[in-house]
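What the coordinates show
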Amino acid sequence: MVFKRVDQIAASKTMEFTARVKNMIRNGVDVIDFSVGEPDFQTPDFIKKAGKKAIDENHTKYTAVNGIVELRKAIARKLEIENNVSYTEEQICVGTGAKQPLFNAVFTVCDEGSEVIIPTPSWVSYEEMVKLAGGIPVFVPCNDKNGFGLDISEIEKVITERTRAIIINSPNNPTGAVYGEKELRKLGELAIKHDFYIISDEVYEKLVFEGKFCSVASLSPQIKEHCILINGLSKSYAMTGWRIGYAAAAEKVINAMKKIQSHTTSASNSITQYAALAAYEEDPDKVKYMVDSYRDRRNYILHRISEMNFVQASKASGTFYVFLNIEKLLGRTYRGETIISSMQLAQLLLIHAHIAVIAGEAFHASNYVRICYAVSQEDIANGMNRLDKFLKEVI
Ligand code: PMP
Ligand code: GLU
């Protein structure tokens with residue numbers, strides 16, 4: 001039997017590669033893991049306590065499909081204060097991680113044959129979500145020389161009658177780029193003019209080291225009408241395993257997403273919702289230590305890479321990723337083997353240098369590899385030594 005829809009997608013390359021690396025580590029191989037994008041911090045104690053309290057207080061039943069009202073109100077408050085954008089609690093739908101609200105959003109806007117624009121390099125799941133929903137992904141490359149910013153004129157060129165949405169991600173996984181207000185405003189104007197949605201994935205919103213994060217929905221009421229804002233607590237509060245995220249949008253869109261959710265997960269985990277409530281009721285400065293630490297690590301890693309042969313790092317103003325341009329390595333040899341692609345380079349680095357990175361092919365950017373530096377300072381230093389040693393052997 002053929003599973004037509006599923007057969008055309010690939011499993012998550014980040015999740016798959018990471019599982020392989022974790023397996024090697026379990027078998028005693030000393031690998032430094034720069035692969036999966038997951039904070040190395042533990043969930044803060046005050047959040048864990050709220051989770052335990054939720055169990056003791058028997059918050060262990062189904063919740064409303066869109067989440068408990070206290071959490072939706074806290075999210076609305078957070079969006080107003082931190083992101084300068086107003087939503088009511090009825091315009092918010094809590095979901096399982098940011099991944100599920102993203103999927104709900106894509107599923108909502110896509111009919112069979114709808115086109116969804118995806119600027120590349122792009123996170124692994126957008127393309128597959130669009131395909132699963134019966135849509136057609138339309139890729140528009142962002143230029144390295146432009147700091148991987150949005151190329152508005154190129155985006156405009158691919159808009160057709162079937163364009164339903166664009167998925168943007170700022171701060172960006174994998175490039176680390178943070179989009180400025182000017183380019184987002186231009187995109188917003190395009191969305192109004194051609195009547196499509198901006199699905200704005202803002203999960204790395206708090207991880208910004210230079211410049212300022214701008215939520216596209218905050219730019220004007222008309223732009224907001226064309227936005228589906230997606231955020232979550234996995235990255236900003238080190239809560240990847242709790243699986244909590246949300247969408248905010250016009251009620252019509254949120255109600256459609258709620259309908260999908262009512263038939264898939266019913267609602268997000270009840271205990272997690274109370275833990276997330278505690279997170280959003282606290283002063284956001286309470287978790288600033290994480291961003292400060294990522295900034296130090298980012299600075300160190302960029303400095304180390306600037307002294308290495310053949311590679312060049314993206315500016316990486318946000319997230320915890322550095323996107324490494326490896327173009328100058330292609331065609332050169334390492335221990336007699338010619339390097340022909342980033343995929344093969346990632347294999348060589350894993351086998352010979354014992355460092356795990358994600359090949360750029362996973363993100364539609366073949367001349368790059370992604371390094372996630374959400375690992376200890378000691379591991380970063382060791383990993384950089386190993387990379388440097390590897391590159392010194394390349395001829
Ligand atoms: N968007 C981007 C860009 C991501 O990198 C990830 C990876 N975690 C997600 C969404 C999904 O995050 P979550 O763990 O909240 O589902
Ligand atoms: N988003 C993270 C990454 O890109 C976690 C894995 C995933 O969900 O893709 O590595």
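Anyway, here's the lowdown on the structure attached to this text. (Residues numbered from 1 in each chain as written. Chains lettered and ligands numbered in written order. Predicted model: local features only at pLDDT ≥ 70, side-chain atom pairs only at ≥ 80, totals over all residues. Heavy atoms only, no water.)

1. A closer look at the overall build of the chain
Assigned secondary structure in the chain consists of 14 helices and 15 strands. In summary, the chain has a C-alpha radius of gyration of 21 Å against a globular reference of 21 Å for 395 residues, a match within 12%. Counting only C-alpha atoms, the chain reaches 60 × 55 × 50 Å along its principal axes. Of all intrachain contacts in the chain linking residues separated by at least 6 positions in sequence, the fraction that spans at least 24 positions is 74%. (Helix = DSSP H or I, 4+ residues; strand = E, 2+ residues; numbered from the N terminus. Rg over C-alpha atoms; globule rule 2.2 N^0.38 Å. Contact = heavy atoms within 4.5 Å.)

2. Focus on the site of ligand 1
Around ligand 1, 14 residues are found, and the nearest of them are Ala-98, Asn-173, Asp-201, Tyr-204 and Lys-235. One nitrogen or oxygen atom from the side chain of Arg-243 is found 2.8 Å from an oxygen atom belonging to ligand 1. The site holding ligand 1 turns out to be the second largest pocket. Looking at the shell around ligand 1, its residues break down into six nonpolar, four polar and four charged. (Near = heavy atom within 4 Å. Polar contact = N/O pair within 3.5 Å; in protein donor to acceptor, adjacent residues only side chain to side chain. 1 Å grid on protein atoms, 1.4 Å probe; cavity = no way out; pocket = protein on both sides within 12 Å on 5 of 7 lines; lining within 4 Å. Sits in = over half its atoms within 2 Å of the grid points. Nonpolar A, V, L, I, M, F, W, Y, C, P; charged D, E, K, R; others polar.)

3. Concerning the site of ligand 2
With respect to spatial proximity, 13 residues lie near ligand 2, and among them Thr-14, Gly-37, Lys-99, Asn-173 and Arg-370 are the closest. Here an oxygen atom of ligand 2 and a backbone polar atom of Gly-37 are 2.8 Å apart. Arg-370 is positioned such that a nitrogen or oxygen atom in its side chain is 2.8 Å from an oxygen atom of ligand 2. Calculation on ligand 2 without its partners gives an accessible area of 270 Å², and the protein chains cover 91% of this total. (Areas by Shrake-Rupley, 256 points an atom, 1.4 Å probe, with all protein chains shown as cover.)

4. Observations concerning the packing of helix 3 (residues 45–56) against helix 11 (residues 270–281)
Any two packed helices are characterised by how steeply their axes cross, that is the angle between the axes, and by the distance between the axes. Across the interface, helix 3 lies against helix 11 with an axial gap of 8 Å and an inter-helix angle of 140 degrees. Between helix 3 and helix 11, the angle is such that the two are oblique. For the pair helix 3 and helix 11, the crossing hand works out as right-handed. Along its contact with helix 3, which presents Phe-46, Ile-47, Ala-50, Gly-51, Ala-54 and Ile-55, the element helix 11 presents Ile-271, Tyr-274, Ala-275, Ala-278 and Ala-279. The residue makeup of the contact of helix 3 with helix 11, split by class, is 10 nonpolar, one polar and no charged. (Axes fitted to C-alpha atoms, helices over the stretch in contact; angles between N-to-C directions. Parallel < 35°, antiparallel > 145°, perpendicular 65-115°, else oblique. Left-handed = near helix turned anticlockwise from the far one by under 90°.)

5. Concerning the packing of aromatic side chains
Scanning all chains against the criterion turns up 15 aromatic pairs. Plain terms: the ring middles of Trp-123 and Tyr-126 are 5.3 Å apart, the flat faces sit at 80 degrees to each other, and that makes the pair edge-to-face. Residues Trp-123 and Tyr-126 agree in their burial class; the two are buried. Ring centres of Tyr-204 and Tyr-321 lie 5.6 Å apart, and the angle between their planes is 75 degrees; on these two criteria the pair is classed as edge-to-face. Highlighted residues: Tyr-204 in the loop between strand 6 (197–201) and helix 9 (221–225) and Tyr-321 in strand 10 (residues 321–325), separated in sequence by 117 residues. (Phe/Tyr/Trp six-rings, centres within 6.5 Å; stacked < 30°, edge-to-face > 60°. Buried < 20%, exposed > 50% of the residue type's maximum accessible area, 1.4 Å probe, protein only.)

6. A short note on the pattern of salt bridges
Taken as a whole, this structure holds 23 salt bridges when the rule is applied. The partner of Arg-298 in a salt bridge is Glu-210, with the nearest N and O atoms 2.8 Å apart. Placement of the pair is Arg-298 in helix 12 (residues 288–306) and Glu-210 in the loop between strand 6 and helix 9, with a sequence separation of 88 residues. The partner of Arg-335 in a salt bridge is Glu-393, with the nearest N and O atoms 2.9 Å apart. Taken together, the residues Arg-335 in the loop between strand 11 (333–334) and strand 12 (337–338) and Glu-393 in the segment after helix 14 (377–392) connect sequence positions 58 residues apart. Accessibility expressed as a relative area gives 51% for Arg-335, which makes it exposed. Ionic contacts of the salt-bridge type, sharing partners, join the residues Lys-78, Glu-82, Glu-205 and Lys-206 into one network. (Salt bridge = Lys/Arg side-chain N within 4 Å of Asp/Glu carboxyl O.)

7. Description of the layout of surface pockets
In this structure, the largest pocket encloses a volume near 640 Å³. The wall of the largest pocket is formed by 25 residues, among which Glu-82, Asn-83, Glu-205, Lys-212 and Phe-213 lie closest to the centre. If you list the elements that add at least two residues to the lining of the largest pocket, you get helix 4 (69–83) and helix 12. For the lining of the largest pocket, a count of residues per class yields 10 nonpolar, six polar and nine charged. Computed from the structure, the second largest pocket encloses a volume of approximately 490 Å³. (Points joined across faces, edges and corners; volume = space filled by probe spheres on them.)

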